[in-house]
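Given next are the chains, with one letter for each unit.
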Amino acid sequence: MSQEVITTKDGLKVRKLVSLKPSTSEEYREAIMHRVDHFSQKRDSVFNNMVENILVKGLELILETKIRVDDLLGDQKETVQDFIEKLLFIGL
Amino acid sequence: MYHIDGTDYLKQKYYKKTRSICPECHEPIDAEIVEREGEIWMQKECPDHGYYEDKISSSAKYYKWTHFKKKDKDGNVEWQFLKDGETNPPDCIGDDPRGCPYNCGLCEKHISTCSLALIDLTNRCNFNCNFCYANVKQAGYLVEPTLEELDRIMEHFRSKPIPPPAIMFTGGEPTVRKDFPEICKMAKDHGFKEVIVATNGYGFQRKNGKGLEFTKECMEKGLDTLYFQFDGINNETFEKTRGIKNLMSYKQRVIDNCREAGLSSIVLVQTVVKGITDIEVGNVIQYAIDNIDVVRGITYQPVSLCGRSYSEDDLKEMRITNADVIKMVDEQTSGKIGIENAWYPLTTIVEFGRIIAYLADVEPVEFTCHPDCGFATYMVVDPDTNEMVPIMDYFDPIKIVDFSNRFWDKIKHKEKEEIKFFENILGDFGKTLDKGVNWVDKQQLRARFLAGMLQYTKKPGKLMEMFTRILLNGEWESISAFTHGTLLISSMHFQDAYNMNLERTKRCIVHFGVAMPDGSVYEAPFCTMNTLHRPAIEKKVAKKAGTKVMEEFDTTKGERVLPEQEVVHNGGTKKEE
Ligand code: SF4
Ligand code: SF4
């Protein structure tokens, strides 16, 4: 159950939401979860660009690795972040 | 929790001097913003009309956070939520000795560009809400710009060096105009990226296929978004706010017709009134989530107290602030959209937005209003739980804001001046080569920015992918895909004469445009227009209203009974007998 319905003395239905799950159709929910696939089914979608897709996949892998490394770094995370930021700003 | 927890800043009492206006005579006067018992208040004294006070925020802690200045070790401000905006050349030089806000038009002291252009299409309406200023019947005259005048206003906005990317048609009820679809087309032809209508749903809800046909036609002509008056999900609530019974089926028909027509960008707009609509805040969120295929956002608008004098007790009784709204959202969602972690002032993303606009080659949207004007949170679906969560679960927002600000500081000169390395050596011939150099430069900047964003991303998932795609191709399709199935929830508190802070008005980013009889266009910030300038301006542009116009939507006498609607005869809040 995603909500508790309280009826006020004026007869108004007031909900206290305890979960924020969409109740939209399964088909649409799928589209939300797989939004790129949903859009790329159109023939002339920008999401069918091979170079872009490779880049995006690459970034996805980097992100997953980064999150694992973050866990390992623990307290050192901020120092590493500062260091990487310095690298990113070189020459700007 | 906020990064100011445990700091001395929180222990100090907030105090700031500013300027406001007297609620009685509207003359500009000095005002103080002070902290009192965990709240923030405005105090001011008019030499002729005495002392006034009004609540600005019901949470001093939240308010102080939004006014926090992050400083470096030498005490220089590194960033704050109060941003200085870009400016367009002024339309007038303010010569009224009273100064702001009597020099609107727009004067040289205004320090933001317009992000959202507003045009009142008509003061006719099929409703007769008791707190509404736009009503042909009560005014006794018609305010309805011709197509030629509308063209002039749109031209005025779009010909500015930094034009507003979005336009919203307001009223009255804009869709009572038969030429409404043509007006949407005109806006698209003028280059507005986003065409929005503030509507009670009139044109879109009509039965027997008419509403659906109308929705499709508007979409084809260029309408993108409905800013849809939506006070709650209970008929009783609408009856109190709009004076009409059984309005929910009317509202639902709008949603259904938009769904069928494929118009999937509806923003539910709830006017938050104490004791009437405030208990429906959570209901509206649930409704939005249940209709997430067509609803893109919710805007809460704490009611502004315009149009008459309010006593001190009235004010205390009726005033709702943005902080109250976000507390209610917190309470009514069992803390899932919490005041302590989900909400940020709109100005938070100024630098971030500028970077995206520059790197993705899209028009910037400048949210350089005052931090008190509005707060927002962005809800996305968590793929693991299929539940909507604030985007802050994915990113470390403060770190990203910090990084974006520093990044923009380093690259902003490039936006103004492209690299001209080869042109300087080879003249015109070098221009083509420089194009290539600039392209490569942007690619390396994109890579750096993405790498920075990755640093502060906490969870894997589609969001980072969508963000990357916007940056890589800058296409509308990427932006649509990003917003697909997401919900932007905001709370926008428009000012009235009691709480007007001239520091806010001069930063306003939402501007009305009015075609004046002398051929010029008058541009004024939303809050000063509604609080001060509207009566005088409307008198100048008013047209005589014929009997047919006066009677067409006269709901005040209950003569015209809409199907499934019954007008409450006092034409407004139904008073208990
Ligand atoms: S609100 Fe803006 S345009 Fe109006 S007088 Fe003040 S600075 Fe000028
Ligand atoms: S719907 Fe109500 S608030 Fe909106 S324009 Fe009509 S009368 Fe005014």
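Every value quoted in this text rests on a predicted model; they were computed, and no experiment measured them. Per chain, residues are indexed from 1 in the order of the written sequence. To read the labels, note that chains go from A and ligands from 1, taken in the order they are written. Reporting in this predicted model follows two pLDDT cut-offs: at least 70 for local features of residues, and 80 or more for side-chain atom pairs to be given and counted; totals over whole chains, interfaces and linings ignore these cut-offs and use all residues. Side-chain figures throughout are based on the complete set of non-hydrogen atoms in the structure, without hydrogens or water.

Trainee: In this structure, what is going on with the overall build of chain B? I would like to understand it.
Mentor: The numbering of helices and of strands both runs from the N terminus, where a helix is a DSSP run of H or I of at least 4 residues and a strand a run of E of at least 2. Along the backbone of chain B there are 21 helices and 20 strands. Our radius of gyration looks at C-alpha atoms and nothing else; its globule reference is 2.2 Å times the residue count to the power 0.38. Computed over its C-alpha atoms, the radius of gyration of chain B comes to 24 Å, within 12% of the 25 Å expected for a compact globule of 577 residues. Along the first, second and third principal axes, the C-alpha atoms of chain B reach 75 × 60 × 55 Å. Counting every position in chain B, which comprises 577 residues, the buried fraction comes to 61%. By the counting scheme adopted, Arg and Lys are positive, Glu and Asp are negative, and His together with the chain ends is not counted. For the purpose of locating charges, the reference atoms are NZ of Lys, CZ of Arg, CG of Asp and CD of Glu. The positive charge centre, built from 75 side chains, and the negative charge centre, built from 89, are 1 Å apart in chain B. Note on classification: 1.4 Å probe, protein chains only; a residue is buried when its accessible area is under 20% of the maximum for its type, exposed when over 50%, partly exposed between these limits.

Trainee: Any chance you could explain the site of ligand 2 here in plain terms?
Mentor: Definition of nearness: a residue and a molecule or strand are near each other if at least one heavy atom of the residue lies within 4 Å of the molecule or strand. Every residue near ligand 2 is listed here: B:Cys125, B:Phe127, B:Cys129, B:Cys132, B:Gly172, B:Asn200, B:Gln229 and B:Arg242. When residue character is reported, Ala, Val, Leu, Ile, Met, Phe, Trp, Tyr, Cys and Pro are called nonpolar, Asp, Glu, Lys and Arg charged, and the others, Gly included, polar. Across the shell around ligand 2, the residue classes tally to four nonpolar, three polar and one charged.

Trainee: So what exactly am I meant to see when it comes to a nonpolar patch on the surface here?
Mentor: Residues and elements named next belong to chain B. Together, Phe421, Ile425, Leu426, Phe429 and Leu433 give the surface a local cluster of nonpolar side chains, amounting to about 540 Å² of exposed area. The element contributing the most residues to the nonpolar patch is helix H15 (residues 421–426), with three residues. Relative to the elements of secondary structure, leucine 433 occurs in helix H16 (residues 430–455). Residue class for leucine 433 comes out partly exposed when judged on its relative accessible area of 39%. Surface patches are drawn from residues lacking salt bridges whose relative accessible area is over 30%; two like charges belong together within 9 Å, two nonpolar side chains (Val, Leu, Ile, Met, Phe, Trp, Tyr) within 5 Å. All accessibility values rest on the Shrake-Rupley procedure with a 1.4 Å probe; residue burial counts only the protein chains present in the view. Whenever Lys or Arg places a side-chain nitrogen within 4 Å of a carboxyl oxygen from Asp or Glu, that contact is recorded as a salt bridge.

Trainee: Would you take a moment to explain the confidence of the model for chain B for this structure?
Mentor: Detailed reading of the predicted coordinates is not advisable wherever pLDDT is low. Within chain B, residue pLDDT values average 86, and 92% of them lie at 70 or more. The ipTM for the predicted assembly is 0.74, set against a pTM of 0.87. pLDDT gives the predictor's per-residue confidence on a scale running from 0 to 100.

Trainee: I would appreciate a short explanation of the packing of aromatic side chains in the present structure.
Mentor: Given two aromatic rings, one states the distance between the centres and the angle between the planes to describe the pair. We call Phe, Tyr and Trp rings a pair once their centres come within 6.5 Å, taking the six-membered ring for Trp, and we label the pair stacked below 30 degrees between planes, edge-to-face above 60, and tilted otherwise. Across all of its chains, the model carries 21 aromatic pairs over all chains by this definition. Taking the centre distance of 5.5 Å and the plane angle of 10 degrees together, the rings of B:Phe512 and B:Phe526 count as stacked. Taken together, the residues span a long stretch of sequence, with B:Phe512 in strand E18 (residues 510–515) and B:Phe526 in helix H20 (residues 526–541) at a distance of 14 residues. Overall, the relative accessible area of 15% leaves B:Phe526 in the buried class. Distance and angle both matter: a charge sits over a ring if NZ of Lys or CZ of Arg is within 6 Å of the ring centre and within 35 degrees of the ring normal. B:Arg36 extends its terminal NZ or CZ atom over the ring of B:Trp41, reaching a point 4.4 Å from the ring centre. Its guanidinium or amino end placed over the ring of A:Phe89, B:Lys410 lies 5.7 Å from that ring's centre, counting from NZ or CZ.

Trainee: In this structure, what is going on with the domain arrangement of chain B? I would like to understand it.
Mentor: Interfaces are frequently sized by the accessible area removed from exposure as the parts join. Domain start and end points were adopted from an automatic or database domain assignment. As assigned here, chain B comprises domain 1 (8–78) and domain 2 (400–479). Computed over C-alpha atoms only, the centres of domain 1 of chain B and domain 2 of chain B are separated by 39 Å.

Trainee: I would appreciate a short explanation of the layout of surface pockets in the present structure.
Mentor: Over the atoms rolls a probe the size of a water molecule, and in doing so it shows where empty space is left. All names here are of chain B. Lining residues are defined by having an atom within 4 Å of a point belonging to a cavity or pocket. Those points lie on a 1 Å grid over the protein atoms alone, cavities being sets where a 1.4 Å probe fits but cannot get out and pockets being open sets with protein on both sides within 12 Å along at least five of seven lines. Grid points are joined across faces, edges and corners, and a volume is the space filled by probe spheres set on the points. The calculated volume of the second largest pocket comes to roughly 420 Å³. If you go around the second largest pocket, you meet 23 residues; those closest to its centre are Tyr9, Tyr14, His67, Phe68 and Lys69. Residue assignment for the lining of the second largest pocket shows that the elements contributing at least two residues are strand E1 (15–21), helix H2 (60–66) and strand E5 (69–71). Counting residues per element, the lining of the second largest pocket draws most heavily on E1, which supplies four residues. Of the residues in the lining of the second largest pocket, the class split is seven nonpolar, seven polar and nine charged.

Trainee: Can you walk me through the site of ligand 1 in this structure?
Mentor: Within the structure, ligand 1 sits among B:Cys100, B:Pro101, B:Asn103, B:Cys104, B:Leu106, B:Cys107, B:Lys109, B:His110, B:Thr505, B:Lys506 and B:Pro525. Of the residues belonging to the shell around ligand 1, the class tally is six nonpolar, three polar and two charged.

Trainee: Explain helix H7 (residues 210–221) of chain B to me, please; I cannot follow it from the model alone.
Mentor: An α-helix turns once per 3.6 residues; consequently, residues spaced three or four apart project the same way. Residue and element names in this part refer to chain B. Along its twelve residues, H7 runs 16 Å from first to last C-alpha, staying within 8% of the 16 Å computed at 1.5 Å per residue. Taken residue by residue, H7 has Gly211, Leu212, Phe214, Thr215 and Cys218 as its buried positions. Seen along its axis, H7 keeps its buried residues to an arc of 165 degrees; they face one direction. Summarising the geometry of H7, the exposed residues directed more than 90 degrees from the buried face are Lys210, Glu213 and Glu220. Any pair of residues with heavy atoms lying within 4.5 Å of one another is described as a contacting pair. Its buried side turned inward, H7 meets helix H5 (180–189), helix H6 (202–205) and helix H9 (247–261). Glycine 222 occupies a position one or two residues after H7 and carries a positive phi of about 130 degrees. By this rule, a helix spans an expected 1.5 Å times one less than how many residues it contains. Each C-beta atom gives one direction from the helix axis, and the arc is the one those directions make.

Trainee: Please clarify how empty space enclosed by the protein should be interpreted in this entry.
Mentor: Residues and elements named next belong to chain B. Counted under the stated rule, the structure contains six cavities of 30 Å³ or more. Taken as a whole, the largest cavity holds about 160 Å³ of empty space. What lines the largest cavity is a set of 17 residues, and nearest its centre among them are Ile56, Tyr63, Asp372, His493 and Arg504. Within the residue set of the lining of the largest cavity, elements represented by two or more residues are strand E4 (50–57), H2 and helix H12 (322–332). Partitioned by chemical class, the residues of the lining of the largest cavity number seven nonpolar, seven polar and three charged.

Trainee: Explain the packing of helix H8 (residues 235–242) of chain B against H9(B) here, please?
Mentor: Two quantities define a packed helix pair, namely the angle between the axes and the distance from one axis to the other. Residue and element names in this part refer to chain B. Throughout, an axis means a line fitted to C-alpha atoms (over the contacting stretch in the case of helices), and angles, computed between N-to-C directions, take values from 0 to 180 degrees. At a closest axis distance of 8 Å, the pairing of H8 and H9 adopts a crossing angle of 100 degrees. Between H8 and H9, the angle falls in the class roughly perpendicular. The residues of H9 that touch H8, namely those facing Asn235, Phe238 and Arg242, are Leu247, Met248 and Lys251. Tallied by class, residues from the contact of H8 with H9 come to three nonpolar, one polar and two charged. Between 65 and 115 degrees an angle is taken as roughly perpendicular, under 35 as roughly parallel, over 145 as roughly antiparallel, and anywhere else as oblique.

Trainee: Could you clarify how one ought to interpret the confidence of the model for chain A in this entry?
Mentor: When the pLDDT values of chain A are averaged, the result is 76; 83% of them are 70 or greater. Mean pLDDT in chain A bottoms out at strand E1 (residues 3–7) of chain A, which sits at 67, and peaks at helix H4 (residues 77–89) of chain A, which reaches 84.

Trainee: I would appreciate a short explanation of the interface of chain A and chain B in the present structure.
Mentor: Facing the 50 residues of chain A at the interface are 65 residues of chain B. Counting every contact that joins chain A to chain B gives three salt bridges. Each polar contact in these results corresponds to two N or O atoms within 3.5 Å; when the atoms are within protein, one needs to be able to donate a hydrogen and the other to accept it, and residues that are neighboring in sequence are counted only if both atoms are side-chain atoms. Counting the contacts that link chain A with chain B gives 13 residue pairs in polar contact (both at pLDDT 80 or more). Top contributing element to the side of chain A that touches chain B by residue count: helix H3 (residues 50–73) of chain A, with eleven residues.

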